[in-house]
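Listed here are the chains, written in short residue letters.
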Amino acid sequence: MFQKTPKKIPVKGVAKREVKETICSECRKNKPYANKTKRLCSSCVKKLQVQKAKEKKDRERRKKAETVTQAKLDQVTSWLIRAVYEEKCHACGKEMQRKHLQCCHFVSRTKTATRFDLHNMLPGCQVCNMYTPHHVWELGKYINKLWGEDKTEILLELAGKQLKLNNADRKEIYVIYKQSLDRIETNDYSLKERIEILKETYFKYLDIVQPLIK
Ligand SMILES: [Zn+2]
Ligand SMILES: [Zn+2]
(Lines give C-alpha, C1' and ligand atoms only; values in the text may rest on other atoms or scores of the structure.)
(Ligands and ions follow the chains in the order given, each with its own letter.)
Protein backbone atom coordinates (compact mmCIF):
# COMPACT_ATOMS: atom_id res chain seq x y z
CA MET A 1 0.00 0.00 0.00
CA PHE A 2 1.13 3.40 -0.86
CA GLN A 3 1.94 5.58 2.06
CA LYS A 4 2.44 9.25 1.84
CA THR A 5 5.54 10.51 3.53
CA PRO A 6 4.63 13.04 6.13
CA LYS A 7 5.37 16.60 5.25
CA LYS A 8 8.41 18.07 6.88
CA ILE A 9 7.64 20.68 9.41
CA PRO A 10 9.79 23.73 8.82
CA VAL A 11 11.87 24.64 11.79
CA LYS A 12 11.82 28.20 12.66
CA GLY A 13 14.87 29.94 13.96
CA VAL A 14 18.18 28.26 14.76
CA ALA A 15 18.11 24.75 16.10
CA LYS A 16 19.41 24.53 19.58
CA ARG A 17 22.54 22.44 19.53
CA GLU A 18 23.54 20.34 22.41
CA VAL A 19 26.97 21.46 23.55
CA LYS A 20 29.18 18.44 23.98
CA GLU A 21 32.29 18.71 26.05
CA THR A 22 35.43 17.64 24.26
CA ILE A 23 38.06 17.12 26.87
CA CYS A 24 41.54 16.35 25.50
CA SER A 25 42.80 13.10 26.99
CA GLU A 26 46.30 14.53 27.15
CA CYS A 27 46.05 18.09 28.45
CA ARG A 28 42.51 17.84 29.89
CA LYS A 29 41.49 21.11 28.24
CA ASN A 30 38.08 21.55 26.72
CA LYS A 31 39.07 21.99 23.07
CA PRO A 32 37.74 20.50 19.84
CA TYR A 33 39.25 17.14 18.96
CA ALA A 34 41.81 17.00 16.18
CA ASN A 35 42.02 13.25 16.66
CA LYS A 36 38.65 11.87 17.66
CA THR A 37 39.74 8.28 18.26
CA LYS A 38 42.48 9.27 20.65
CA ARG A 39 40.52 12.30 21.90
CA LEU A 40 43.32 14.74 21.43
CA CYS A 41 43.31 18.45 20.80
CA SER A 42 45.29 19.88 17.91
CA SER A 43 48.21 21.12 20.04
CA CYS A 44 48.56 17.73 21.70
CA VAL A 45 48.43 15.97 18.33
CA LYS A 46 51.25 18.21 17.15
CA LYS A 47 53.23 17.66 20.35
CA LEU A 48 52.96 13.89 20.01
CA GLN A 49 54.02 14.03 16.36
CA VAL A 50 57.15 15.98 17.28
CA GLN A 51 57.90 13.55 20.09
CA LYS A 52 57.49 10.54 17.80
CA ALA A 53 59.80 12.06 15.18
CA LYS A 54 62.42 12.68 17.85
CA GLU A 55 62.18 9.11 19.12
CA LYS A 56 62.58 7.80 15.59
CA LYS A 57 65.65 9.96 15.07
CA ASP A 58 67.14 8.75 18.36
CA ARG A 59 66.56 5.14 17.37
CA GLU A 60 68.28 5.71 14.04
CA ARG A 61 71.19 7.50 15.71
CA ARG A 62 71.63 4.65 18.20
CA LYS A 63 71.49 2.10 15.42
CA LYS A 64 74.07 4.02 13.42
CA ALA A 65 76.40 4.20 16.41
CA GLU A 66 76.21 0.44 16.80
CA THR A 67 76.95 -0.22 13.15
CA VAL A 68 80.56 -0.42 12.05
CA THR A 69 80.46 -0.18 8.29
CA GLN A 70 83.35 -1.22 6.11
CA ALA A 71 83.99 2.48 5.47
CA LYS A 72 84.15 3.23 9.19
CA LEU A 73 86.65 0.43 9.72
CA ASP A 74 88.67 1.63 6.70
CA GLN A 75 88.83 5.06 8.28
CA VAL A 76 90.15 3.98 11.70
CA THR A 77 92.62 1.61 10.00
CA SER A 78 93.88 4.46 7.88
CA TRP A 79 94.38 6.74 10.90
CA LEU A 80 96.17 3.98 12.80
CA ILE A 81 98.57 3.27 9.94
CA ARG A 82 99.33 6.97 9.50
CA ALA A 83 99.79 7.45 13.26
CA VAL A 84 102.32 4.63 13.50
CA TYR A 85 104.72 5.47 10.68
CA GLU A 86 106.87 8.43 9.80
CA GLU A 87 105.22 11.39 8.13
CA LYS A 88 106.38 10.57 4.63
CA CYS A 89 105.32 8.68 1.53
CA HIS A 90 106.76 5.19 1.87
CA ALA A 91 106.93 4.80 -1.90
CA CYS A 92 108.57 8.00 -3.17
CA GLY A 93 109.96 9.26 0.14
CA LYS A 94 108.31 12.67 0.02
CA GLU A 95 107.79 14.12 3.49
CA MET A 96 104.33 15.42 4.33
CA GLN A 97 101.93 15.90 7.20
CA ARG A 98 99.91 12.98 8.49
CA LYS A 99 96.61 14.49 7.40
CA HIS A 100 97.80 14.79 3.81
CA LEU A 101 99.03 11.21 3.62
CA GLN A 102 96.89 8.30 2.47
CA CYS A 103 96.81 4.75 3.69
CA CYS A 104 98.25 2.78 0.75
CA HIS A 105 97.55 -0.93 0.34
CA PHE A 106 100.15 -3.30 -1.08
CA VAL A 107 97.46 -5.79 -2.10
CA SER A 108 94.49 -3.79 -3.41
CA ARG A 109 91.80 -2.82 -0.94
CA THR A 110 89.30 -4.74 -3.07
CA LYS A 111 90.68 -8.04 -1.71
CA THR A 112 88.74 -8.94 1.41
CA ALA A 113 91.31 -11.09 3.21
CA THR A 114 93.97 -8.35 3.24
CA ARG A 115 91.81 -5.23 3.39
CA PHE A 116 92.33 -4.65 7.14
CA ASP A 117 95.60 -6.56 7.43
CA LEU A 118 97.98 -4.14 9.15
CA HIS A 119 100.99 -5.65 7.35
CA ASN A 120 99.45 -4.75 4.02
CA MET A 121 99.43 -0.97 4.47
CA LEU A 122 101.82 1.97 4.65
CA PRO A 123 101.32 5.72 4.42
CA GLY A 124 101.87 7.19 0.97
CA CYS A 125 101.24 10.33 -1.00
CA GLN A 126 98.18 10.81 -3.17
CA VAL A 127 100.21 10.89 -6.39
CA CYS A 128 101.76 7.49 -5.70
CA ASN A 129 98.53 6.00 -4.44
CA MET A 130 96.32 7.16 -7.28
CA TYR A 131 98.52 7.55 -10.32
CA THR A 132 101.67 5.46 -9.93
CA PRO A 133 100.80 1.75 -10.08
CA HIS A 134 104.41 0.63 -9.56
CA HIS A 135 104.49 2.36 -6.16
CA VAL A 136 103.25 -0.88 -4.64
CA TRP A 137 106.65 -2.47 -5.31
CA GLU A 138 108.32 0.25 -3.29
CA LEU A 139 105.81 -0.46 -0.53
CA GLY A 140 106.51 -4.17 -0.91
CA LYS A 141 110.24 -3.68 -0.29
CA TYR A 142 109.47 -1.78 2.87
CA ILE A 143 106.92 -4.38 4.01
CA ASN A 144 109.43 -7.21 3.56
CA LYS A 145 112.07 -5.27 5.47
CA LEU A 146 109.64 -4.70 8.34
CA TRP A 147 107.69 -7.92 8.58
CA GLY A 148 109.96 -10.54 7.00
CA GLU A 149 111.42 -11.24 3.56
CA ASP A 150 108.51 -13.40 2.40
CA LYS A 151 105.77 -11.13 3.75
CA THR A 152 104.66 -9.83 0.35
CA GLU A 153 104.46 -13.41 -0.95
CA ILE A 154 102.25 -14.30 2.02
CA LEU A 155 100.05 -11.28 1.41
CA LEU A 156 99.65 -12.12 -2.29
CA GLU A 157 98.66 -15.67 -1.42
CA LEU A 158 96.24 -14.44 1.21
CA ALA A 159 94.68 -12.11 -1.38
CA GLY A 160 93.22 -15.14 -3.16
CA LYS A 161 91.22 -16.10 -0.10
CA GLN A 162 87.90 -14.80 1.20
CA LEU A 163 87.22 -13.03 4.45
CA LYS A 164 83.61 -12.25 5.29
CA LEU A 165 83.15 -9.98 8.27
CA ASN A 166 79.81 -9.28 9.89
CA ASN A 167 79.00 -6.22 11.94
CA ALA A 168 80.12 -7.85 15.21
CA ASP A 169 83.50 -8.82 13.69
CA ARG A 170 84.01 -5.33 12.29
CA LYS A 171 83.09 -3.82 15.61
CA GLU A 172 85.60 -6.02 17.44
CA ILE A 173 88.39 -5.01 15.05
CA TYR A 174 87.30 -1.39 15.22
CA VAL A 175 87.58 -1.31 19.02
CA ILE A 176 91.07 -2.84 18.94
CA TYR A 177 92.33 -0.44 16.27
CA LYS A 178 90.75 2.56 17.98
CA GLN A 179 92.35 1.67 21.31
CA SER A 180 95.78 1.47 19.70
CA LEU A 181 95.21 4.71 17.84
CA ASP A 182 94.18 6.52 21.02
CA ARG A 183 97.18 5.09 22.86
CA ILE A 184 99.59 6.34 20.20
CA GLU A 185 97.95 9.72 19.96
CA THR A 186 98.04 10.37 23.70
CA ASN A 187 101.65 9.29 24.26
CA ASP A 188 104.97 10.43 22.92
CA TYR A 189 106.21 7.10 21.59
CA SER A 190 109.20 6.57 19.33
CA LEU A 191 108.72 5.01 15.87
CA LYS A 192 110.05 1.72 17.24
CA GLU A 193 107.56 1.75 20.10
CA ARG A 194 104.71 2.61 17.76
CA ILE A 195 105.61 -0.31 15.50
CA GLU A 196 105.61 -2.56 18.58
CA ILE A 197 102.06 -1.42 19.32
CA LEU A 198 101.12 -2.16 15.71
CA LYS A 199 102.53 -5.67 16.14
CA GLU A 200 100.43 -6.29 19.27
CA THR A 201 97.39 -4.90 17.49
CA TYR A 202 98.05 -7.19 14.55
CA PHE A 203 98.04 -10.29 16.76
CA LYS A 204 94.72 -9.30 18.27
CA TYR A 205 93.36 -8.80 14.76
CA LEU A 206 94.60 -12.25 13.73
CA ASP A 207 92.77 -13.87 16.65
CA ILE A 208 89.53 -12.54 15.22
CA VAL A 209 90.00 -13.13 11.51
CA GLN A 210 92.06 -16.31 11.30
CA PRO A 211 89.07 -18.64 11.87
CA LEU A 212 87.08 -16.65 9.30
CA ILE A 213 89.51 -16.75 6.37
CA LYS A 214 88.41 -19.30 3.80
ZN1 LIG B 1 45.42 18.60 24.57
ZN1 LIG C 1 104.67 9.16 -3.03
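Residues numbered from 1 in each chain as written. Chains lettered and ligands numbered in written order. Predicted model: local features only at pLDDT ≥ 70, side-chain atom pairs only at ≥ 80, totals over all residues.

**Q** Go over the nonpolar core, please, and point to the residues and values.
**A** Of all hydrophobic cores here, the largest spans 29 residues; its most connected members are I81, C104, L122 and L139. Those elements that place two or more of their residues in this core are α2 (70–84), β3 (102–105), β4 (121–124), α4 (135–147), α6 (167–185) and α7 (191–209). Of all the elements, α2 adds the most residues to this core, at five residues. Not counting residues within four places of it along the chain, the set of residues in contact with L139 comprises H90, A91, C104, F106, L122 and G124. (Core = buried A, V, L, I, M, F, W, Y, C linked by C-beta atoms within 7 Å. Buried ≥ 20, exposed ≤ 12 C-beta atoms within 10 Å, placed from the backbone. Helix = DSSP H or I, 4+ residues; strand = E, 2+ residues; numbered from the N terminus. Contact = placed C-beta atoms within 7 Å.)

**Q** Let's hear about the packing of α6 against α7: which residues, and what values?
**A** The interhelical angle for the contact between α6 and α7, taken along N-to-C directions, is 170°, at an axis separation of 10 Å. Relative to α7, the element α6 lies roughly antiparallel. For the pair α6 and α7, the contacting residues are D169, E172, I173, I176, Y177, S180, R183 and I184 in the first and R194, I197, T201, K204, Y205 and I208 in the second. Across the contact of α6 with α7, the residue classes break down as seven nonpolar, two polar and five charged. (Axes fitted to C-alpha atoms, helices over the stretch in contact; angles between N-to-C directions. Parallel < 35°, antiparallel > 145°, perpendicular 65-115°, else oblique. Nonpolar A, V, L, I, M, F, W, Y, C, P; charged D, E, K, R; others polar.)

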